[in-house]
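Structural characterization, general
Each chain, written out:
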Amino acid sequence: MKLKLPASWEKCLGAELKKDYFKKLTEFLNSEIAAGKTIYPKQKNIFNALAACPFEQVKVVIIGQDPYHGEGQAHGLSFSVENDIKLPPSLKNIYKELKSDLDIEPATHGNLTPWAEQGVLLLNSVLTVEAGLAASHRKKGWEEFTDKIIEVLNTEKENLVFILWGNDAKKKGKKIDREKHLVLESGHPSPLSVRFFTDCQHFSKTNHYLEENNLKPIDWKLD
(Lines give C-alpha, C1' and ligand atoms only; values in the text may rest on other atoms or scores of the structure.)
Protein backbone atom coordinates (compact mmCIF):
# COMPACT_ATOMS: atom_id res chain seq x y z
CA MET A 1 0.00 0.00 0.00
CA LYS A 2 1.32 3.41 -0.99
CA LEU A 3 -0.79 6.37 0.07
CA LYS A 4 -0.95 9.56 -2.00
CA LEU A 5 -2.43 12.82 -0.79
CA PRO A 6 -4.92 14.81 -2.86
CA ALA A 7 -3.16 17.72 -4.59
CA SER A 8 -4.73 20.50 -2.51
CA TRP A 9 -3.42 18.95 0.73
CA GLU A 10 0.04 17.98 -0.52
CA LYS A 11 1.65 21.33 0.30
CA CYS A 12 0.62 21.36 3.96
CA LEU A 13 0.71 17.60 4.69
CA GLY A 14 3.22 16.12 2.26
CA ALA A 15 6.08 16.23 4.76
CA GLU A 16 4.08 14.06 7.19
CA LEU A 17 4.19 11.08 4.84
CA LYS A 18 8.00 11.11 5.01
CA LYS A 19 8.17 11.08 8.81
CA ASP A 20 9.06 7.96 10.77
CA TYR A 21 5.64 7.60 12.40
CA PHE A 22 3.91 7.57 9.02
CA LYS A 23 6.39 5.12 7.54
CA LYS A 24 5.71 2.80 10.51
CA LEU A 25 1.96 3.27 9.98
CA THR A 26 2.30 2.29 6.32
CA GLU A 27 4.40 -0.74 7.28
CA PHE A 28 1.72 -1.79 9.76
CA LEU A 29 -1.03 -1.51 7.13
CA ASN A 30 1.00 -3.49 4.61
CA SER A 31 1.72 -6.22 7.18
CA GLU A 32 -2.00 -6.49 7.97
CA ILE A 33 -2.84 -6.84 4.28
CA ALA A 34 -0.06 -9.40 3.81
CA ALA A 35 -1.56 -11.39 6.69
CA GLY A 36 -4.83 -11.60 4.78
CA LYS A 37 -6.77 -9.14 6.88
CA THR A 38 -9.45 -6.93 5.35
CA ILE A 39 -8.96 -3.21 5.91
CA TYR A 40 -11.71 -0.58 5.68
CA PRO A 41 -12.18 1.69 3.88
CA LYS A 42 -10.74 0.56 0.54
CA GLN A 43 -7.31 2.01 -0.14
CA LYS A 44 -8.65 4.47 -2.72
CA ASN A 45 -10.97 5.94 -0.06
CA ILE A 46 -8.59 6.29 2.89
CA PHE A 47 -8.01 9.98 2.08
CA ASN A 48 -11.55 10.48 0.76
CA ALA A 49 -12.35 13.18 3.35
CA LEU A 50 -9.44 15.25 2.00
CA ALA A 51 -10.25 14.51 -1.63
CA ALA A 52 -13.92 15.44 -1.28
CA CYS A 53 -13.14 18.67 0.59
CA PRO A 54 -10.06 20.49 -0.79
CA PHE A 55 -8.00 22.52 1.69
CA GLU A 56 -9.02 25.84 0.14
CA GLN A 57 -12.73 25.06 0.55
CA VAL A 58 -12.82 23.93 4.20
CA LYS A 59 -15.36 25.88 6.27
CA VAL A 60 -16.54 23.27 8.78
CA VAL A 61 -14.77 20.28 10.38
CA ILE A 62 -16.77 17.41 11.89
CA ILE A 63 -14.46 15.07 13.77
CA GLY A 64 -15.35 11.40 14.13
CA GLN A 65 -13.51 8.46 15.72
CA ASP A 66 -12.81 5.36 13.62
CA PRO A 67 -14.24 4.22 10.29
CA TYR A 68 -17.24 1.90 10.43
CA HIS A 69 -15.95 -1.68 10.58
CA GLY A 70 -18.90 -3.41 8.89
CA GLU A 71 -18.75 -4.62 5.30
CA GLY A 72 -19.35 -1.88 2.74
CA GLN A 73 -19.93 0.87 5.28
CA ALA A 74 -16.79 2.98 5.48
CA HIS A 75 -15.87 5.15 2.51
CA GLY A 76 -13.56 7.67 4.11
CA LEU A 77 -15.98 10.30 5.41
CA SER A 78 -16.78 10.40 9.14
CA PHE A 79 -20.32 9.23 9.98
CA SER A 80 -21.10 8.64 6.28
CA VAL A 81 -21.95 5.40 4.46
CA GLU A 82 -22.45 4.55 0.80
CA ASN A 83 -25.87 5.13 -0.73
CA ASP A 84 -27.15 1.55 -0.53
CA ILE A 85 -25.97 0.81 3.03
CA LYS A 86 -28.32 0.69 6.02
CA LEU A 87 -28.08 3.77 8.24
CA PRO A 88 -25.88 3.26 11.32
CA PRO A 89 -27.44 4.29 14.66
CA SER A 90 -25.21 7.37 15.08
CA LEU A 91 -26.21 8.69 11.68
CA LYS A 92 -29.88 8.13 12.45
CA ASN A 93 -29.44 10.32 15.52
CA ILE A 94 -27.66 12.98 13.49
CA TYR A 95 -30.63 13.04 11.13
CA LYS A 96 -33.02 13.34 14.08
CA GLU A 97 -31.06 16.37 15.29
CA LEU A 98 -31.23 17.91 11.82
CA LYS A 99 -35.00 17.51 11.90
CA SER A 100 -35.24 19.04 15.37
CA ASP A 101 -32.81 21.87 14.64
CA LEU A 102 -33.61 22.88 11.05
CA ASP A 103 -36.76 20.87 10.26
CA ILE A 104 -34.90 18.88 7.60
CA GLU A 105 -36.48 15.52 6.97
CA PRO A 106 -34.14 12.51 7.44
CA ALA A 107 -32.44 11.51 4.20
CA THR A 108 -33.25 8.18 2.60
CA HIS A 109 -29.52 7.37 2.38
CA GLY A 110 -26.42 7.92 4.53
CA ASN A 111 -24.00 9.40 2.01
CA LEU A 112 -22.73 12.74 3.34
CA THR A 113 -20.63 13.59 0.28
CA PRO A 114 -22.83 16.64 -0.54
CA TRP A 115 -21.76 18.16 2.79
CA ALA A 116 -18.09 17.56 1.97
CA GLU A 117 -18.50 19.19 -1.42
CA GLN A 118 -19.72 22.35 0.32
CA GLY A 119 -16.68 22.63 2.57
CA VAL A 120 -17.46 20.24 5.44
CA LEU A 121 -14.37 18.17 6.24
CA LEU A 122 -15.69 14.87 7.60
CA LEU A 123 -12.54 13.74 9.36
CA ASN A 124 -12.10 10.63 11.47
CA SER A 125 -9.34 10.61 14.10
CA VAL A 126 -8.21 7.22 12.78
CA LEU A 127 -8.51 6.58 9.03
CA THR A 128 -8.49 2.77 8.82
CA VAL A 129 -9.85 -0.21 10.71
CA GLU A 130 -9.75 -4.00 10.47
CA ALA A 131 -13.01 -5.54 9.33
CA GLY A 132 -15.20 -6.42 12.28
CA LEU A 133 -12.82 -5.03 14.91
CA ALA A 134 -13.68 -1.55 16.14
CA ALA A 135 -10.72 0.63 17.19
CA SER A 136 -8.23 -1.96 15.89
CA HIS A 137 -5.99 0.65 14.24
CA ARG A 138 -5.81 3.10 17.11
CA LYS A 139 -2.38 4.23 18.34
CA LYS A 140 -0.70 3.15 15.10
CA GLY A 141 0.05 6.69 13.88
CA TRP A 142 -3.20 7.99 12.43
CA GLU A 143 -3.88 10.18 15.47
CA GLU A 144 -0.64 12.08 14.91
CA PHE A 145 -1.49 12.57 11.24
CA THR A 146 -5.00 13.86 11.91
CA ASP A 147 -3.70 16.10 14.71
CA LYS A 148 -1.51 17.69 12.04
CA ILE A 149 -4.53 18.27 9.81
CA ILE A 150 -6.31 20.09 12.63
CA GLU A 151 -3.16 22.05 13.49
CA VAL A 152 -2.74 23.24 9.90
CA LEU A 153 -6.38 24.29 9.62
CA ASN A 154 -6.24 26.04 12.98
CA THR A 155 -3.11 27.96 12.04
CA GLU A 156 -3.64 28.80 8.39
CA LYS A 157 -7.37 29.52 8.31
CA GLU A 158 -9.82 31.81 10.10
CA ASN A 159 -13.50 31.55 10.98
CA LEU A 160 -13.78 27.79 10.71
CA VAL A 161 -16.40 25.83 12.64
CA PHE A 162 -15.06 22.78 14.48
CA ILE A 163 -17.83 20.37 15.53
CA LEU A 164 -16.68 18.01 18.28
CA TRP A 165 -19.06 15.18 19.16
CA GLY A 166 -17.91 12.97 22.03
CA ASN A 167 -14.83 12.83 24.23
CA ASP A 168 -12.41 11.65 21.52
CA ALA A 169 -13.31 14.62 19.33
CA LYS A 170 -13.10 17.03 22.26
CA LYS A 171 -9.56 15.84 22.98
CA LYS A 172 -8.64 16.49 19.35
CA GLY A 173 -9.91 20.04 19.70
CA LYS A 174 -7.94 21.12 22.75
CA LYS A 175 -5.41 23.18 20.78
CA ILE A 176 -7.89 24.98 18.53
CA ASP A 177 -7.70 28.78 18.81
CA ARG A 178 -11.19 29.71 19.95
CA GLU A 179 -10.57 33.38 19.24
CA LYS A 180 -10.16 32.60 15.53
CA HIS A 181 -12.67 29.79 15.17
CA LEU A 182 -16.01 28.58 16.51
CA VAL A 183 -15.82 25.33 18.47
CA LEU A 184 -19.08 23.45 19.12
CA GLU A 185 -19.05 20.52 21.55
CA SER A 186 -21.58 17.92 22.66
CA GLY A 187 -21.90 14.23 23.43
CA HIS A 188 -21.42 11.66 20.67
CA PRO A 189 -24.53 10.83 18.61
CA SER A 190 -24.22 7.09 19.33
CA PRO A 191 -27.15 5.54 21.24
CA LEU A 192 -24.95 5.25 24.35
CA SER A 193 -24.47 9.02 24.68
CA VAL A 194 -27.17 10.53 22.50
CA ARG A 195 -28.85 12.23 25.46
CA PHE A 196 -25.80 14.53 25.61
CA PHE A 197 -26.07 15.19 21.86
CA THR A 198 -29.79 15.82 21.41
CA ASP A 199 -30.80 19.48 21.01
CA CYS A 200 -27.20 20.66 20.53
CA GLN A 201 -28.40 22.76 17.54
CA HIS A 202 -24.97 22.58 15.96
CA PHE A 203 -26.27 22.77 12.41
CA SER A 204 -28.09 26.07 12.88
CA LYS A 205 -25.28 27.48 15.04
CA THR A 206 -22.79 26.61 12.29
CA ASN A 207 -24.76 28.41 9.62
CA HIS A 208 -25.36 31.43 11.83
CA TYR A 209 -21.61 31.77 12.43
CA LEU A 210 -20.78 31.35 8.73
CA GLU A 211 -23.30 34.01 7.77
CA GLU A 212 -21.96 36.36 10.46
CA ASN A 213 -18.56 36.03 8.82
CA ASN A 214 -19.86 36.58 5.27
CA LEU A 215 -19.50 32.93 4.32
CA LYS A 216 -22.10 30.86 2.48
CA PRO A 217 -24.03 28.62 4.91
CA ILE A 218 -24.14 24.85 4.44
CA ASP A 219 -27.21 23.32 2.83
CA TRP A 220 -27.58 20.36 5.16
CA LYS A 221 -30.41 18.80 3.17
CA LEU A 222 -29.30 15.57 1.45
CA ASP A 223 -32.38 14.42 -0.50
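Going by the structure above, here's the rest.
Presented here is a report on the structure given in the accompanying data block.

Calculation notes
Residues numbered from 1 in each chain as written. Predicted model: local features only at pLDDT ≥ 70, side-chain atom pairs only at ≥ 80, totals over all residues. Heavy atoms only, no water. Core = buried A, V, L, I, M, F, W, Y, C linked by side-chain atoms within 4.5 Å. Buried < 20%, exposed > 50% of the residue type's maximum accessible area, 1.4 Å probe, protein only. Helix = DSSP H or I, 4+ residues; strand = E, 2+ residues; numbered from the N terminus. Contact = heavy atoms within 4.5 Å. Salt bridge = Lys/Arg side-chain N within 4 Å of Asp/Glu carboxyl O. 1 Å grid on protein atoms, 1.4 Å probe; cavity = no way out; pocket = protein on both sides within 12 Å on 5 of 7 lines; lining within 4 Å. Points joined across faces, edges and corners; volume = space filled by probe spheres on them. Nonpolar A, V, L, I, M, F, W, Y, C, P; charged D, E, K, R; others polar.

All right, on to the nonpolar core then. Among the nonpolar cores identified, the biggest contains 71 residues, and Trp 115, Leu 121, Trp 142 and Phe 145 are the most heavily contacted of them. In terms of residues, this core owes the most to one element, helix H6 (residues 142–156), which gives six residues. Not counting residues within four places of it along the chain, the set of residues in contact with Trp 115 comprises Ile 62, Ile 94, Leu 98, Val 120, Leu 122, Phe 203, Asp 219, Trp 220 and Leu 222.

This part covers the pattern of salt bridges. Side chains carrying opposite charge are able to pair once their charged atoms draw close together. This structure, assessed with the given rule, holds nine salt bridges. Arg 138 is paired through a salt bridge with Asp 66; the nearest N and O atoms lie 2.7 Å apart. Of this pair, Arg 138 sits in the loop between strand E4 (129–130) and H6 while Asp 66 sits in the loop between strand E2 (60–64) and helix H4 (89–102), and the two are 72 residues apart along the sequence. Among the residues examined, Arg 138 registers a relative accessible area of 29% and is labelled partly exposed. For Asp 66, a relative accessible area of 17% gives the class buried. A salt bridge links Asp 147 to Lys 172; the nearest nitrogen and oxygen atoms lie 2.8 Å apart. On the criterion of sequence distance, the pair formed by Asp 147 in helix H6 and Lys 172 in helix H7 (residues 167–172) is long-range, its members being 25 residues apart. The class for Asp 147 is partly exposed, based on a relative accessible area of 38%. Residue Lys 172 is classed as buried on the basis of its relative accessible area, which comes to 12%. Each of the salt bridges in this network shares a partner with another, and the network as a whole consists of Asp 66, Arg 138 and Asp 168.

To continue, consider empty space enclosed by the protein. Tallying each qualifying case throughout the model produces one cavity of 30 Å³ or more. Empty space within the largest cavity amounts to approximately 30 Å³. As for the largest cavity, its lining consists of Tyr 95, Leu 98, Ile 104, Glu 105, Ala 107, Trp 220, Lys 221, Leu 222 and Asp 223. Class assignment of the residues belonging to the lining of the largest cavity gives a composition of six nonpolar, no polar and three charged.

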